[in-house]
Amino acid sequence: MNEKILFHSIVGSHMWGVNHEHSDLDLFEVYISSTFDVFTGKMVKTKFKPRLTFQEAGHVDHIPKASEIDLTKMEIGHLVGLLKKGTINAIWTVMSPLAIDLEFEALAKLQPIVENSYSTKTWHSVKGLAMNKLKKIRAGNINPVLPDERKKALAMCGRVILQYDELLDTGKLNFKQAWDEWDPYEIEGMVDYIDDRID
């Protein structure tokens, strides 16, 4: 396959500004395949997630130092398909303040399109992400013996919901850190509140 990397995007804890010295770095690499490869069905590897040490990825000098890097590679056509569905993880990939354009100014061209395309589909994606995480917490799939893990999961739910609430007011995604003390009932209350706002 002929691939050209269009842009890198750092998401996860670094994107939200809540990383610490032992945090993994979540890196998206968005690439484009040749038209021939797409139409001949050779584009079979659209996404994979190897774990790399910083030393192994150290040749990419714009990526900050981290103990480990989680790398996800995604073809631009697959990413655009997710954006059209309003998938919040795809939106974060494009709109992350730590995204780096590499070729064809692809990111610079894509960001204003995404910014003008937020819809209720985006809320359904945010709500689904938060409520699925909350369901796992209540089912004990988030280790209840590790209070920091539960707190971290609840903070993530609150953070994404607050971000969408602000998006409704400003039309902009704000990646500031939300307060980290959340209760499951507060999260459900915020979900109901936003449901009422967009009805």
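Above: the structure in question.
Nothing here was measured: the structure is a model prediction, and the numbers come from that model. (Residues numbered from 1 in each chain as written. Predicted model: local features only at pLDDT ≥ 70, side-chain atom pairs only at ≥ 80, totals over all residues. Heavy atoms only, no water.)

It is worth spelling out the pattern of salt bridges at this point. Applying the stated criterion across every chain yields a total of 7 salt bridges. Measuring nitrogen to oxygen at the nearest pair gives 2.9 Å for the salt bridge that ties Lys127 to Asp195. On the criterion of sequence distance, the pair formed by Lys127 in helix α6 (residues 120-138) and Asp195 in helix α8 (residues 184-198) is long-range, its members being 68 residues apart. In this structure Lys127 comes out as partly exposed when scored by relative accessible area, which is 26%. In this structure, Glu166 engages Lys176 in a salt bridge whose closest nitrogen and oxygen atoms are separated by 3.8 Å. Here Glu166, found in helix α7 (residues 147-170), pairs with Lys176, found in the loop between α7 and α8; they are 10 residues apart in sequence, far enough to count as distant. (Salt bridge = Lys/Arg side-chain N within 4 Å of Asp/Glu carboxyl O. Helix = DSSP H or I, 4+ residues; strand = E, 2+ residues; numbered from the N terminus. Buried < 20%, exposed > 50% of the residue type's maximum accessible area, 1.4 Å probe, protein only.)

The geometry of an aromatic ring pair is captured by two quantities: the separation of the ring centres and the angle between the planes. Here the structure, examined in full by the defined rule, presents 3 aromatic pairs. One aromatic cluster in this structure is built from Trp16, Trp92 and Phe175. The ring of Tyr185 is capped by Arg138, whose NZ or CZ atom sits 5.2 Å from the centre of that ring. Taking the ring centre of Trp16 as reference, the NZ or CZ of Arg159 above it sits at 5.5 Å. (Phe/Tyr/Trp six-rings, centres within 6.5 Å; stacked < 30°, edge-to-face > 60°. Lys NZ or Arg CZ within 6 Å of the ring centre and 35° of its normal.)

Further remarks concern the environment of Tyr164. Secondary-structure assignment places Tyr164 in helix α7. Note on Tyr164: relative accessible area 5%, which makes it buried. With 30 residues separating them in the primary sequence, Tyr164 and Ile194 have C-alpha atoms 8.6 Å apart. Among all residues touching Tyr164, those that are not within four sequence positions of it are Ser119, Thr120, Thr122, Trp123, Val126, Ile194 and Ile198. (Contact = heavy atoms within 4.5 Å.)

Interaxial distance between helix α4 (residues 88-95) and α6 falls to 9 Å at its minimum, and their mutual angle equals 105 degrees. Taken together, the axes of α4 and α6 lie roughly perpendicular to each other. On α6, the residues touching Ile88, Asn89, Ile91 and Trp92 of α4 are Thr122, Ser125, Val126 and Leu129. (Axes fitted to C-alpha atoms, helices over the stretch in contact; angles between N-to-C directions. Parallel < 35°, antiparallel > 145°, perpendicular 65-115°, else oblique.)

If you look at the biggest cluster of nonpolar residues, it comprises 44 residues, and the most contacted ones within it are Phe7, Leu79, Val94 and Val160. With 8 residues, the single largest contributor to this core is α7. Beyond its immediate chain neighbours, meaning those up to four positions away, Leu79 contacts Phe7, Val30, Met74, Ala90, Thr93, Val94 and Leu110. Among the nonpolar cores identified, the runner-up in size contains 6 residues, and Leu25, Leu27, Ile63 and Ile69 belong to it. (Core = buried A, V, L, I, M, F, W, Y, C linked by side-chain atoms within 4.5 Å.)

Summarising burial for strand β2 (residues 25-33): 7 of the 9 residues are buried, a large majority. The sheet contact formed by strand β1 (residues 3-11) and β2 spans 8 bridges and is antiparallel. Bridge pairing in β2 places Ile10 opposite Leu27. Here β2 runs beside strand β4 (residues 68-75); their pairing, made up of 7 bridges, is parallel. In the sheet register, Phe28 faces β4, and the bridge partner there is Thr72. (Pairing = 2+ DSSP bridges.)

One turn of an α-helix holds 3.6 residues; hence residues three or four places apart share an orientation. Taking 1.5 Å as the rise per residue, α8 with 15 residues should run 21 Å; its terminal C-alpha atoms sit 22 Å apart, in good agreement. Along α8, the positions that sit buried rather than exposed are Pro184, Ile187, Met190, Val191, Ile194 and Asp195. Angularly, the buried residues of α8 cover 140 degrees about the axis, an arc narrow enough to put them on a single face. Exposed positions of α8 whose direction lies more than 90 degrees from the buried face are Tyr185 and Asp196. Its side-chain oxygen placed 2.7 Å from the backbone nitrogen of Tyr185, Asp183 serves as the N-cap of α8. (Expected span 1.5 Å × (residues − 1). Arc of directions from axis to C-beta. Polar contact = N/O pair within 3.5 Å; in protein donor to acceptor, adjacent residues only side chain to side chain.)

Moving on, we get to the packing of helix α3 (residues 76-84) against α4. One can describe the packing of α3 onto α4 by two numbers: an axis separation of 8 Å at closest approach and a directional angle of 120 degrees. Comparing the axis directions of α3 and α4 gives the class oblique. When the axes of α3 and α4 are compared, the crossing they make is left-handed. Contacts between α3 and α4 involve Leu79, Leu82 and Leu83 from the former and Ala90, Ile91, Thr93 and Val94 from the latter. Looking at side-chain class alone, the contact of α3 with α4 contains 6 nonpolar, 1 polar and no charged residues. (Left-handed = near helix turned anticlockwise from the far one by under 90°. Nonpolar A, V, L, I, M, F, W, Y, C, P; charged D, E, K, R; others polar.)

Functional significance is not addressed by these values, which are geometric in nature.
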